[in-house]
Amino acid sequence: MAAGFASAGSISNILPTRGGTFFFLQHGTRTNRPACSTLDRWVINVTTPSGQAMASAVMLAYSLGKNIEIYGTGDCRDWPDTETVDYFQIAD
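About the criteria used
- Residues numbered from 1 in each chain as written.
- Predicted model: local features only at pLDDT ≥ 70, side-chain atom pairs only at ≥ 80, totals over all residues.
- Heavy atoms only, no water.
- Phe/Tyr/Trp six-rings, centres within 6.5 Å; stacked < 30°, edge-to-face > 60°.
- Helix = DSSP H or I, 4+ residues; strand = E, 2+ residues; numbered from the N terminus.
- Buried < 20%, exposed > 50% of the residue type's maximum accessible area, 1.4 Å probe, protein only.
- Lys NZ or Arg CZ within 6 Å of the ring centre and 35° of its normal.
- Salt bridge = Lys/Arg side-chain N within 4 Å of Asp/Glu carboxyl O.
- Core = buried A, V, L, I, M, F, W, Y, C linked by side-chain atoms within 4.5 Å.
- Contact = heavy atoms within 4.5 Å.

Trainee: Could you give an account of the packing of aromatic side chains, with specific residues and numbers?
Mentor: For any pair of aromatic rings, the description consists of the separation of the ring centres together with the inter-plane angle of the planes. Using the criterion set out here, one finds four aromatic pairs in the structure. Plain terms: the ring middles of F23 and W79 are 5.3 Å apart, the flat faces sit at 85° to each other, and that makes the pair edge-to-face. Here the residue F23 occupies a position in strand β3 (residues 21-26), and W79 occupies one in the loop between β6 (67-72) and β7 (83-91), the gap between them amounting to 56 residues. Judged by relative accessible area, which is 4%, F23 ranks as buried. A centroid spacing of 4.5 Å and a plane angle of 10° characterise the contact between Y71 and Y87, whose relative ring orientation is stacked. Here Y71, found in strand β6, pairs with Y87, found in strand β7; they are 16 residues apart in sequence, far enough to count as distant. Members of the aromatic cluster, joined through ring pairs, are F5, Y71 and Y87. Residue placement shows R30 over the ring face of W42; its charged tip is 3.8 Å from the ring centre. Its end group placed over the ring of F23, R41 keeps NZ or CZ at 4.1 Å from the ring centre.

Trainee: So, the pattern of salt bridges: which residues are in play, and what are the values?
Mentor: Considering all chains together, one arrives at five salt bridges under this definition. The residue D81 makes a salt bridge to R41 at a minimum N-O spacing of 3.2 Å. One end of the pair, D81, is in the loop between β6 and β7; the other, R41, is in the loop between β4 (30-31) and β5 (42-45), with 40 residues separating them in the sequence.

Trainee: Describe in detail the nonpolar core, supporting the description with residues and values.
Mentor: Counting 14 residues, the largest nonpolar core has F22, F24, I44, V58, I68, I70 and V85 as the members making the most contacts within it. Among the secondary structure elements, those contributing two or more residues to this core are β3, β5, α1 (49-64), β6 and β7. A total of three residues in this core trace back to one element, the largest contributor, which is α1. The residues contacting I44, other than those within four sequence positions of it, are G20, T21, F22, F24, G51, M54, A55, V58 and V85.

This is the structure we're talking about:
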């Protein structure tokens, strides 16, 4: 399965949950969205140190008004209708 990708875009609608998921929208052009990802958002599992670091970096980019480029996992392992973030980079 091909992993999703989103070109550089702004971040909005940040939604951290008590259950350990961190959702957000990103307004870049999206390609290769997996079939399970029926909503146009991304998710990070924040129950792990790596997920917490990624969510922190998303918040930093958001607070600085920076765009990010996202590479997905190609699946919805952390939420049934939302692709999980594999990694991203802050675009300058």
